[in-house]
Amino acid sequence: MNRYDQLIVDLRGDYRPQREWGVGRGVLMVVGHFLVGVAGGTWVMASIYGVTAGLAVAYVLAALGALAHLAYLGRPERALGMMRRFRTSWIARGFIGLTLFLIGGGIYLAALLLAPDDVAGPVTRTGQVIAAVGTVVIIGYMGFCYTASKAIPFWHSPLHPALYIAFAFRGGVAALLVISAVTGVASGAGLLEMWIGVTTVVALFFALEIQGAWSGGNVAARWSVRDILAGRLALLFYGGTLALGLIVPLALLLVPGAHSPAAMALVGLTSAAGDFFMKLATVRAGVYLPLVMPARRQRA
Amino acid sequence: MRLGMVIDLKRCMACYGCQMSCKAEHGTPPGVFFARVLKREEGHYPTPRMLFLPVLCNHCSDAPCVSACPTGASHYAEHGIVDIDKDMCVGCRACMMACPYNNRYFLDERRYYFGEAGPTPYEEACSDRHPEGVVMKCNFCRHRLAEGKDPACVENCAAKARTFGDLDDPESIVSRLIKERGGFTLHPEAGTGPNVYYLGP
Ligand code: SF4
Ligand code: SF4
């Protein structure tokens, strides 16, 4: 069905899924959120483990994420205007955070590359601090963009920001698994344990969010849960998130003996792919509050 | 002054006059309805009944679409009217996710009512008002208000179900109707402070 016919069908129905984010060109927005989230997590993990290649990968991912965001906008040429409403808009805050990250990260990486012996120099430090501020914002803002969406009860949950922060760290660990497999730097064993820990947190937050949406009494939120678990998004969820993002990496980890770099890289890649499908499914699961017909007189 | 509207559901006969007059006034593209009438059948034979609900932007006093907008394109204009500056909008659609009443539309590409035949002269004349890549919605017909007229949907409601006026003035007709007949708003639990009230059927 084309977009226009779909809109007319949606307008006639009580149940109206949002079709702007995560559908059609809107997939670019989810790609952007996914890449930027992974970039933030990777920057943190690479800083902890001291993996310069990880910092560079994080930077490239963030730049690609920014491009995906721009490509999604109806009027990308006006994007700079998105900084104006930072007092109330999480998108504005995210835009500023991403800009800071790209500026600070760029300065820091350039300084590391051009003056590797002067890591404590003022330019390097300035870049590092700006990038750190940007990292905190890009890891934190995304979930709030969804929580601020009052029209979509499934997203309008205080758990959503926590879930997105946990996703960022899971993405960061996944990226570092791939990088350490390719470069041989960093402790694979520590990373795998961390992956298990972060994955447990993500699963817990997600389960709590689903439970809250199902039992919270809001019909639109229940529609969203039904869509994910047994409806139009079940394939994305069971195939992409559960099978690819959880069962495959767990099966790889359960193979006895030392894990080969290839297996570690596969754990990272499947885990990241699972996160992408999870984000896509939860974004597509957004269902608008239905407009309730007043059957009889009600008082305000 | 806080402009608002009262819609009397007892008078509304779901004739779509508001929807059509709004389309004519604003020349909105296919699929865009600043004002629309929702209909639903309730009950079973032999006592079914049809319920109508005309909806439009509620010009909320605490509009989540305005706070979600990163650019300031969605803003409060004079007398509490919520409007969009089409030249500032980036088409991020955060406002559409924030509006609990589904009253915003994104125009992804230019569409005409007669497809292959191309735009009618009227559509051509109106197309500048609705550029692609941005979000649009009802603005209480600000251009008409500036000329001292009521919004088109109010003026053209054959059943006189719509009343427009100042909600801050306790003596205005809208305020009195709300008080005397127990006016209510949609989704009051969302805390948006809608300025469109309904009188029960
Ligand atoms: S009805 Fe929706 S678009 Fe209109 S002011 Fe309220 S939140 Fe904004
Ligand atoms: S689509 Fe336009 S009006 Fe809506 S939030 Fe984005 S910039 Fe603001």
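About the cut-offs
- Residues numbered from 1 in each chain as written.
- Chains lettered and ligands numbered in written order.
- Predicted model: local features only at pLDDT ≥ 70, side-chain atom pairs only at ≥ 80, totals over all residues.
- Heavy atoms only, no water.
- Helix = DSSP H or I, 4+ residues; strand = E, 2+ residues; numbered from the N terminus.
- Rg over C-alpha atoms; globule rule 2.2 N^0.38 Å.
- Buried < 20%, exposed > 50% of the residue type's maximum accessible area, 1.4 Å probe, protein only.
- Contact = heavy atoms within 4.5 Å.
- Areas by Shrake-Rupley, 256 points an atom, 1.4 Å probe, with all protein chains shown as cover.
- Near = heavy atom within 4 Å.
- Nonpolar A, V, L, I, M, F, W, Y, C, P; charged D, E, K, R; others polar.
- Domains from an automatic or database assignment.
- Buried area = accessible area lost by both parts, 1.4 Å probe.
- Salt bridge = Lys/Arg side-chain N within 4 Å of Asp/Glu carboxyl O.
- Phe/Tyr/Trp six-rings, centres within 6.5 Å; stacked < 30°, edge-to-face > 60°.
- Disulfide = S-S within 2.5 Å.

**A few points about the overall build of chain B**
Secondary structure assignment for chain B yields seven helices and nine strands. Relative to a compact globule of 201 residues, whose C-alpha radius of gyration would be 17 Å, chain B shows 17 Å and is just as compact. Taken over the C-alpha atoms alone, chain B extends approximately 45 × 40 × 35 Å along its principal axes. The burial tally for chain B puts 61% of its 201 residues in the buried class. Taking contacts inside chain B between residues at least 6 apart in sequence as the whole, the part at least 24 apart equals 61%. When the accessible surface of chain B is summed, it comes to about 8500 Å², and 53% of that surface belongs to carbon and sulfur atoms.

**Some points on the site of ligand 2**
Ligand 2 sits among Cys69(B), Pro70(B), Thr71(B), Ala73(B), Ser74(B), Cys89(B), Val90(B), Gly91(B), Cys92(B), Arg93(B), Cys95(B) and Val135(B). Residue composition of the shell around ligand 2, grouped by class: eight nonpolar, three polar and one charged.

**Overview of the domain arrangement of chain A**
Residue and element names in this part refer to chain A. The assigned domain composition of chain A is domain 1 (19–146) and domain 2 (149–289). Using only C-alpha atoms to locate each centre, domain 1 and domain 2 end up separated by 21 Å. Counting residues at the interface gives 27 residues for domain 1, matched by 28 residues for domain 2. The junction of domain 1 with domain 2 conceals about 2400 Å² of combined surface from both sides, 80% of it contributed by carbon and sulfur atoms. Across the contact surface, domain 1 and domain 2 share zero salt bridges. Those elements that place two or more of their residues in the side of domain 1 that touches domain 2 are helix H2 (27–49), helix H3 (52–72) and helix H5 (122–147). At 13 residues, the largest contribution of residues to the side of domain 1 that touches domain 2 is made by H2.

**What to know about the packing of aromatic side chains**
Residues and elements named next belong to chain A. Applying the stated criterion across every chain, the model contains 16 aromatic pairs over all chains. The interplanar angle of 35 degrees and the centroid separation of 4.0 Å between the aromatic rings of Tyr15 and Trp223 together place this pair among those described as tilted. With Tyr15 in the loop between helix H1 (3–12) and H2 and Trp223 in helix H8 (residues 219–230), this residue pair connects regions lying 208 residues apart in the sequence. Among the residues examined, Trp223 registers a relative accessible area of 31% and is labelled partly exposed. Residues Phe34 and Phe276 carry aromatic rings whose centres are separated by 5.5 Å and whose planes lie at 75 degrees to one another, so their mutual orientation is edge-to-face.

**Some thoughts on the site of ligand 1**
What surrounds ligand 1 is a group of 14 residues, the closest being Cys57(B), Asn58(B), Cys60(B), Cys65(B) and Cys99(B). Looking at the shell around ligand 1 residue by residue, the class counts come to nine nonpolar, three polar and two charged.

**Some remarks on the pattern of salt bridges**
Residues and elements named next belong to chain B. Counted by the stated rule, this structure contains 14 salt bridges over all chains. Glu78 is the salt-bridge partner of Arg142, the closest N and O atoms lying 2.9 Å from each other. Of the two residues, Arg142 is situated in helix H5 (residues 142–146) and Glu78 in the loop between strand S4 (74–76) and strand S5 (82–84); the sequence distance between them amounts to 64 residues. A residue is classified by how much of its surface remains accessible, and Arg142, at 24% relative accessible area, is partly exposed. Residue Glu132 is joined to Arg110 by a salt bridge in which the shortest nitrogen-to-oxygen separation is 3.6 Å. Here Glu132 is found in the loop between helix H4 (121–126) and strand S7 (135–136), whereas its partner Arg110 is found in the loop between strand S6 (105–106) and H4, with 22 residues between them in sequence. Using a relative accessible area of 33% as the deciding quantity, one classes Glu132 as partly exposed. Looking at Arg110, the relative accessible area reads 25%, which means it is partly exposed. It is possible to trace a salt-bridge network through shared partners that takes in Asp8, Arg11 and Arg181.

**Quick notes on the state of the cysteines**
Residue and element names in this part refer to chain B. The full count for this structure, using the stated rule, is zero disulfides over all chains. Residue Cys15 stays outside any disulfide, its sulfur separated by 6.2 Å from that of Cys157, the closest cysteine. You can see Cys126 has no disulfide; the closest cysteine sulfur is in Cys22, sitting 11 Å from it. For Cys126, a relative accessible area of 1% puts it in the buried group.

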